[in-house]
Amino acid sequence: MNELVILDAIQTIHTGWLDMLVATFTSLGNAGALFIFTGLVLCCIPRTRKLGVAVLVAIALGALVTNLTIKPLLMRPRPCDVNPEVIMLIPRPHGSSFPSGHTTAAFACAGALLFMRDPRAPRALAIGALVVAILMGLSRLYCYVHYPTDVLAGCLIGLAAGFAAAKIMAAWSKRHPATNA
């Protein structure tokens, strides 16, 4: 199926209040800000410090794969460039569409929290981060700045980055047991 058909169908559900809500929400993901903030807050709390580091490592890994590797190689045009008649809710993002960086950062954060399996971390935090990640991906479709495959790729890359960050943190903890407080 043509991905523009899906995006055009999503455009039929726009309402004023939803447009404002989605535009505000999706802007929180600019440069990974919401997810970096989450990692930094977790780093400031002694019992969740390792989780915070894992979140930040996952976001960095996701950005490396997405923004510094795949996007420059593929340079896929954004849907808003292919169909410029759609009214934009947010400023037109620069750069390549594939994969979604917002979605990658969101799922990297959620993935790190899910895969760390730290008993000191509330499970609700990981589940909440996963819900936020799903909503972030949907917001990018709603705003007509990514194709569904961009969002799916961002989801997979983000989860892989979260998994890798959890493995890195586990290896670090084994080599540095004094930091396992």
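The structure presented is a predicted model; accordingly, all values stated were derived computationally and were not measured.

### A short note on a positive patch on the surface
Then, number 1: Where like charges cluster on the molecular surface, the positive patch consists of Arg117, Arg123, Lys167 and Lys174.
Then, number 2: Tracing the backbone through its elements, the reader meets Arg123 in helix H7 (residues 123-142).
Then, number 3: By relative accessible area, which is 48% here, Arg123 ends up partly exposed.

### Here we look at the layout of surface pockets
Then, number 1: Taken as a whole, the largest pocket holds about 280 Å³ of empty space.
Then, number 2: Considering the residues around the largest pocket, the lining is formed by 21 residues, among which Ala31, Gly32, Asn67, Gly101 and His102 are closest to the centre.
Then, number 3: Residue assignment for the lining of the largest pocket shows that the elements contributing at least two residues are helix H4 (49-74) and helix H6 (101-116).
Then, number 4: In terms of residues, the lining of the largest pocket owes the most to one element, H4, which gives six residues.
Then, number 5: Here the lining of the largest pocket is composed, by residue class, of six nonpolar, 12 polar and three charged.

### Side note on the packing of aromatic side chains
Then, number 1: Applying the stated rule across the entire model yields one aromatic pair.
Then, number 2: The interplanar angle of 90° and the centroid separation of 5.3 Å between the aromatic rings of Phe115 and Phe163 together place this pair among those described as edge-to-face. One end of the pair, Phe115, is in helix H6; the other, Phe163, is in helix H8 (residues 148-175), and 48 residues separate them in sequence.
Then, number 3: For Phe115, a relative accessible area of 27% puts it in the partly exposed group.

### Focus on the packing of helix H3 (residues 33-44) against H4
Then, number 1: For the pair H3 and H4, the least separation of the axes is 6 Å and the interaxial angle reads 155°. If you check the angle between H3 and H4, you find them roughly antiparallel. Crossing of H3 against H4: the hand is left-handed. Together, Phe35, Ile36, Gly39, Leu40, Leu42, Cys43 and Cys44 of H3 and Arg49, Leu51, Gly52, Val53, Val55, Leu56 and Ile59 of H4 make up the contact between the two elements.
Then, number 2: Its residues assigned to classes, the contact of H3 with H4 shows 11 nonpolar, two polar and one charged.

### Describing a nonpolar patch on the surface
Then, number 1: A cluster of nonpolar side chains, Ile127, Val131, Ile134, Leu135 and Leu138, forms an exposed patch at the surface whose accessible area comes to about 440 Å².
Then, number 2: Structurally, Ile134 can be placed in helix H7.
Then, number 3: You can call Ile134 partly exposed: its relative accessible area is 42%.

### Some details on unusual backbone geometry
Then, number 1: Here the residue pair Phe98 and Pro99 is connected by a cis peptide bond, since its omega of -10° sits within 30 degrees of zero.
Then, number 2: Mapped onto the fold, Pro99 is located in the loop between helix H5 (79-82) and H6.
Then, number 3: Unlike most non-glycine residues, Met75 shows phi in positive territory, near 45°.
Then, number 4: Within the fold, Met75 resides in the loop between H4 and H5.
Then, number 5: We classify Met75 as exposed; its relative accessible area is 52%.

### Structural notes on H4
Then, number 1: In this model, H4 (26 residues) spans 36 Å end to end at C-alpha, consistent with the 38 Å of a helix rising 1.5 Å per residue.
Then, number 2: Of all bends in H4, the biggest is about 30°, found at Ala63.
Then, number 3: Taken together, the buried positions of H4 are Lys50, Leu51, Gly52, Ala54, Val55, Ala58, Ile59, Gly62, Thr66 and Lys71.
Then, number 4: As for H4, its buried residues are in contact with H3, H6 and H8.
Then, number 5: Positioned one or two residues after H4, Met75 has a phi angle of 45°, which is positive.

Cut-off values and rules
Residues numbered from 1 in each chain as written. Predicted model: local features only at pLDDT ≥ 70, side-chain atom pairs only at ≥ 80, totals over all residues. Heavy atoms only, no water. Patch = residues over 30% accessible without salt bridge, like charges linked within 9 Å, V, L, I, M, F, W, Y side chains within 5 Å. Areas by Shrake-Rupley, 256 points an atom, 1.4 Å probe, with all protein chains shown as cover. Salt bridge = Lys/Arg side-chain N within 4 Å of Asp/Glu carboxyl O. Lys, Arg positive; Asp, Glu negative; His and termini not counted. Charge placed at Lys NZ, Arg CZ, Asp CG, Glu CD. Helix = DSSP H or I, 4+ residues; strand = E, 2+ residues; numbered from the N terminus. Buried < 20%, exposed > 50% of the residue type's maximum accessible area, 1.4 Å probe, protein only. 1 Å grid on protein atoms, 1.4 Å probe; cavity = no way out; pocket = protein on both sides within 12 Å on 5 of 7 lines; lining within 4 Å. Points joined across faces, edges and corners; volume = space filled by probe spheres on them. Nonpolar A, V, L, I, M, F, W, Y, C, P; charged D, E, K, R; others polar. Phe/Tyr/Trp six-rings, centres within 6.5 Å; stacked < 30°, edge-to-face > 60°. Axes fitted to C-alpha atoms, helices over the stretch in contact; angles between N-to-C directions. Parallel < 35°, antiparallel > 145°, perpendicular 65-115°, else oblique. Left-handed = near helix turned anticlockwise from the far one by under 90°. Contact = heavy atoms within 4.5 Å. Expected span 1.5 Å × (residues − 1). Bend = angle between axes of the 7 residues up to and from the residue.

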